[in-house]
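Remarks on the overall topology
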Amino acid sequence: MKSVAVFCGANKGAVPHFAEAAAELGRLLAQRNVHVLFGGGSVGLMGVLADAMLAHGGRITGVITEQLNALELGHPGVRDMIVVESMAERRTLLIKGTDGTIALPGGYGTMDELFEALTLAQLHQYRKPIGLLNVRGYYNPLLQMLDRMVEMGFLKERNRSLCLDAAEVPALIEKMEQYEFSAVPK
């Protein structure tokens, strides 16, 4: 992978493990010379990720909305910052041209970005790995819901495999590097 979009929270969450994972991900991606695209924020897990990338000489691009940038939430250390009008435009730019996406723990925005990528994959418009960094089981209920979608006939079993997951950064990166697109048409 040469570039990856990372979706993550504008908050650090309730436990320090989330920030530790964001820092580890930033460090590892910088060391592997992977270009990271992220939401552009200086706060929460976004800020931790960007700080780690910058501290380890990584290449990082922020994509932030005008509204969020006006609130002075843009990361001041990220020189490559793209300011867009809408969240829809932000999602498109984050995913477009990347070699994969990774979702750290987050809220509505992270889920929005994650499900955009999964939907595009299901429609064969994004054929790259989509990974969940399942820190301390954060995504267990979501993974159970995806399994329930299969059980109830709303998601094809093979398309369930579009969503990779691992609890540790190295394991997730390894799964993503070995990924082969195999979605079936909706």
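Structure first, text after, so check above.
The following refers to the structure shown.

Conventions and cut-offs
- Residues numbered from 1 in each chain as written.
- Predicted model: local features only at pLDDT ≥ 70, side-chain atom pairs only at ≥ 80, totals over all residues.
- Heavy atoms only, no water.
- Disulfide = S-S within 2.5 Å.
- Buried < 20%, exposed > 50% of the residue type's maximum accessible area, 1.4 Å probe, protein only.
- Core = buried A, V, L, I, M, F, W, Y, C linked by side-chain atoms within 4.5 Å.
- Helix = DSSP H or I, 4+ residues; strand = E, 2+ residues; numbered from the N terminus.
- Contact = heavy atoms within 4.5 Å.
- Expected span 1.5 Å × (residues − 1).
- Arc of directions from axis to C-beta.
- Pairing = 2+ DSSP bridges.
- Right-handed = clockwise from strand over helix to strand, strands pointing away.
- Axes fitted to C-alpha atoms, helices over the stretch in contact; angles between N-to-C directions.
- Left-handed = near helix turned anticlockwise from the far one by under 90°.
- Nonpolar A, V, L, I, M, F, W, Y, C, P; charged D, E, K, R; others polar.
- Phe/Tyr/Trp six-rings, centres within 6.5 Å; stacked < 30°, edge-to-face > 60°.

For the coordinates displayed, the defined rule picks out 0 disulfides. Cys8 forms no disulfide, and the closest cysteine sulfur to it belongs to Cys163, at a distance of 16 Å. Using a relative accessible area of 7% as the deciding quantity, one classes Cys8 as buried.

Let us now look at the nonpolar core. Residues Val6, Leu25, Leu29, Val36 and Leu104 are the most contacted members of the largest nonpolar core, which totals 56 residues. Among the elements that line this core, the one with the most residues is helix H1 (residues 16-31), at 8 residues. Other than its neighbours up to four places away in sequence, Val36 contacts Val4, Val6, Leu29, Leu49, Met53, Arg59, Ile60 and Thr61.

The subject of this paragraph is helix H6 (residues 140-151). Under the 1.5 Å per step criterion, the end-to-end length of H6 is 16 Å for 12 residues, consistent within 8% with the ideal 16 Å. Listed in full, the buried residues belonging to H6 are Leu142, Leu143, Leu146 and Val150. For H6, the arc enclosing every buried residue in end-on projection is 100°, short of the 170-degree limit, so these residues lie on one face. Exposed side chains of H6 directed beyond 90 degrees from the buried face belong to Pro141, Gln144 and Glu151. Here the buried face of H6 lies against helix H5 (108-122), strand E6 (130-133), helix H7 (157-160) and strand E7 (163-166). Gly153 sits one or two positions beyond H6 and adopts a positive phi of about 80°.

In summary, the side chains of a regular strand alternate between the two faces of the sheet. Residues His35 and Leu37 line one face of strand E2 (residues 35-38) and the alternating positions Val36 and Phe38 line the opposite face, and both faces are buried. Pairing between strand E1 (residues 3-7) and E2: 3 bridges, direction parallel. Within E2, the residue paired with Ser3 across the bridge is His35. Read as a crossover between parallel neighbours, the route from E1 over H1 to E2 is right-handed. Bridge count between E2 and strand E3 (residues 60-65): 3 bridges; the pairing is parallel. Note on E3: the bridge partner recorded for Leu37 is Thr61. The parallel pair E2 and E3, bridged by helix H2 (residues 44-55), forms a crossover whose chirality is right-handed.

Look at H1 against H2: their axes get within 7 Å of each other, and the N-to-C directions meet at 35°. Note on packing geometry: the crossing formed by H1 with H2 is right-handed. Only Leu45, Val48, Leu49, Ala52 and Met53 of H2 make contact with H1, whose side of the interface consists of Phe18, Ala19, Ala22, Ala23, Leu25, Gly26, Arg27, Leu29 and Ala30. Looking at side-chain class alone, the contact of H1 with H2 contains 12 nonpolar, 1 polar and 1 charged residues.

Here the focus is the packing of aromatic side chains. This model, assessed by the stated rule, comprises 2 aromatic pairs. Judged by centre distance (5.5 Å) and plane angle (75°), the rings of Phe18 and Tyr138 are edge-to-face. Of this pair, Phe18 sits in helix H1 while Tyr138 sits in the loop between E6 and H6, and the two are 120 residues apart along the sequence. Here the aromatic rings of Tyr138 and Tyr139 are separated by 4.9 Å at their centres, their planes lie at 85°, and the arrangement is edge-to-face. A relative accessible area of 2% places Tyr139 in the buried class. Taken together, the ring pairs connect Phe18, Tyr138 and Tyr139 into an aromatic cluster.

For the rest of this paragraph, the subject is the environment of Asn159. Within the secondary structure layout, Asn159 lies in helix H7. Since its relative accessible area comes to 4%, Asn159 is described here as buried. Sequence separation of Asn159 and Val184 is 25 residues, and the distance between their C-alpha atoms is 6.5 Å. Beyond its immediate sequence surroundings of up to four residues, Asn159 is in contact with Gln122, Ala183 and Val184.

Such coordinate-based values are descriptive only and should not be taken to indicate function.
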